[in-house]
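Okay, here's what each chain looks like letter by letter:
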Amino acid sequence: MKSRILGVVMLAINLGLAATLVYLIVSYQSSGTFSSPLRTRIVTNTVTQIAVRKINATNSLLTALGQRPLSWQALESTNYVVYMQNLRAFGCPDETILDIILTDIGRLYARRRAGIRAQAPPPKFWQTGDSAAHGSYLPPEVRRQLQDLDREQENLVHELLGVNFRVELARYWSVDEPVALNLGFLPPEKQQGIQAIHDKYAAMEEEISDRARGLFLDEDQAALVRLQKQREAELGQLLSPKELEEYQLRNSETAQSLRQQLTGFQPTEDEFRKIFQLQKTFDDNFGQAFDASDEAALALRNKAQNDASEAMGAEIQKVLGPERFAEYVRAQDDDYRGMIQVAERFNLPREVAGSVYDMKVAAERQKAAVEANNNLNDAQRGQMLAAIARTTEQSVAAALGDKVFKSYQKSTGQWLGNLYQVNENNLALPPEPAPPLPPPLPTETQLQNFLLGPQPVITPKPPPLRR
């Protein structure tokens, strides 16, 4: 799909450039010169004359052009540096030169990619899984060659034109290059270096992912952790501490996960920065690989992780305050995120999702109280839970409307059906029986009879026989 899109881009650029060059050639043949009259423009209250550069046939290229009919072959060259010099001498604007060279390089490397892919047989139509769809059918050596070719192409474009190839291609579509957007806070001279680090480690992580084939072992996790540390170390050498923090806020796995996690919370910039710092500290401490086969170590790690998670929650509560913290906790609920998704799908106000969530919380509290009431038998408990469920369904349907309510029930509203079911964990346990009374102490007479009564006769054992 990407190759087809790239081909369409290249074709469109070539057509436009061909039309431009035809116009220039016709103009040259009709007038015999590339000179243009002076143009004027008004700057505030001053009239300024701007002379358009006149191209004279003073070098060997234009001398040759003057001696024979102008053709594209006279400009084109297999050496990109010479090719660009010819275009610039011909009077091509820099932006047009950029388009021509990008198109030519794109075509060249597309042919080379096709040659590399031809080394591997195409996927069979009966193959199952995601391998055929995502190109995983290619042997590892072929994938490495394609990755090396991608890097070679990007390096060539940057060396010749000083731009990022993928970023330039993205300009022709209504999409932005994600990495370019995330690096926009950096000065231009650092963006290319960060891009190179990002691409290098992305390729190494992809190799680990290909090797794992969806099943990540402890050694794979450990390798990913090492790559993450190495990447941050290289970033730290290129960026200042403040720039590194800004990079992590935009590009780190912690930030990406946090943006997804806080979908229903909508934090301010200051809130996101503070939560990110707490979450990043937590992830750095507990994102390390560990031996899952060691049950003792696993138990200690889980306890430490739970304690740290509670401590982090307490710190977030201090940062946000009681009211915003309650909204933060609500945003962690999958059911609330599902309500947000339904509200956005049907263009409902976000407040509707909050109202439905409040109904959910109230209904589940009532349900828990009924389940914990030990004075109810099973039939009474079932009747009361059914009444709570029906009343809640009616309230949610009134808030959403019948059409949205039916869609909600089928998608993320499973909690409504759970209201009818008894949660055995919430049932009150019957009172424990009282512990048995200790035996009564013997009376003084019983003690005397026991001590002064007849003693049992003890028969001595014979000594062991000697051998």
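Caption draft 1: Spatial organisation of the confidence of the model for the protein. Looking at the protein as a whole, its pLDDT mean stands at 75, while 68% of the residues score no less than 70. Segment residues 429-439: pLDDT under 50, and one contact once partners within four positions in sequence are set aside and those in other chains are kept.

Caption draft 2: Fine view of the packing of helix H11 (residues 218-238) against helix H12 (residues 241-251). At a closest axis distance of 8 Å, the pairing of H11 and H12 adopts a crossing angle of 135°. Taken together, the axes of H11 and H12 are oblique relative to one another. Helix-helix and strand crossings are classified by hand; for H11 and H12 the assignment is right-handed. Facing Glu232, Leu235, Gly236 and Leu238 of H11, the residues of H12 in contact are Glu243, Leu244, Tyr247 and Gln248. In terms of residue class, the contact of H11 with H12 is made up of four nonpolar, two polar and two charged.

Caption draft 3: How the structure looks around the environment of Glu205. One can find Glu205 in helix H10 (residues 188-212). Aside from chain neighbours lying at most four places away, what touches Glu205 is Leu224, Leu227 and Arg231.

Caption draft 4: Looking closely at the environment of Phe165. Note that Phe165 resides in helix H8 (residues 165-170). You can call Phe165 buried: its relative accessible area is 6%. Expressed as a C-alpha distance, the spacing of Phe165 and Gly106, which sit 59 residues apart in the sequence, is 9.2 Å.

Caption draft 5: View of the pattern of salt bridges. This model, assessed by the stated rule, comprises 26 salt bridges. Here Arg151 ties to Asp148 by a salt bridge, and the two come within 2.4 Å at their closest N and O atoms. Linking Arg151 with Asp148, this pair stays in helix H7 (residues 140-161), spanning three residues, or about one helical turn. Linking Asp220 and Arg211 is a salt bridge whose minimum nitrogen-to-oxygen distance equals 3.0 Å. Judged by relative accessible area, which is 4%, Asp220 ranks as buried. Because the salt bridges share partners, they merge into one network encompassing Lys242, Glu246, Arg250, Glu269 and Arg273.

Parameters at a glance
- Residues numbered from 1 in each chain as written.
- Predicted model: local features only at pLDDT ≥ 70, side-chain atom pairs only at ≥ 80, totals over all residues.
- Heavy atoms only, no water.
- pLDDT = per-residue confidence, 0-100.
- Contact = heavy atoms within 4.5 Å.
- Axes fitted to C-alpha atoms, helices over the stretch in contact; angles between N-to-C directions.
- Helix = DSSP H or I, 4+ residues; strand = E, 2+ residues; numbered from the N terminus.
- Parallel < 35°, antiparallel > 145°, perpendicular 65-115°, else oblique.
- Left-handed = near helix turned anticlockwise from the far one by under 90°.
- Nonpolar A, V, L, I, M, F, W, Y, C, P; charged D, E, K, R; others polar.
- Buried < 20%, exposed > 50% of the residue type's maximum accessible area, 1.4 Å probe, protein only.
- Salt bridge = Lys/Arg side-chain N within 4 Å of Asp/Glu carboxyl O.

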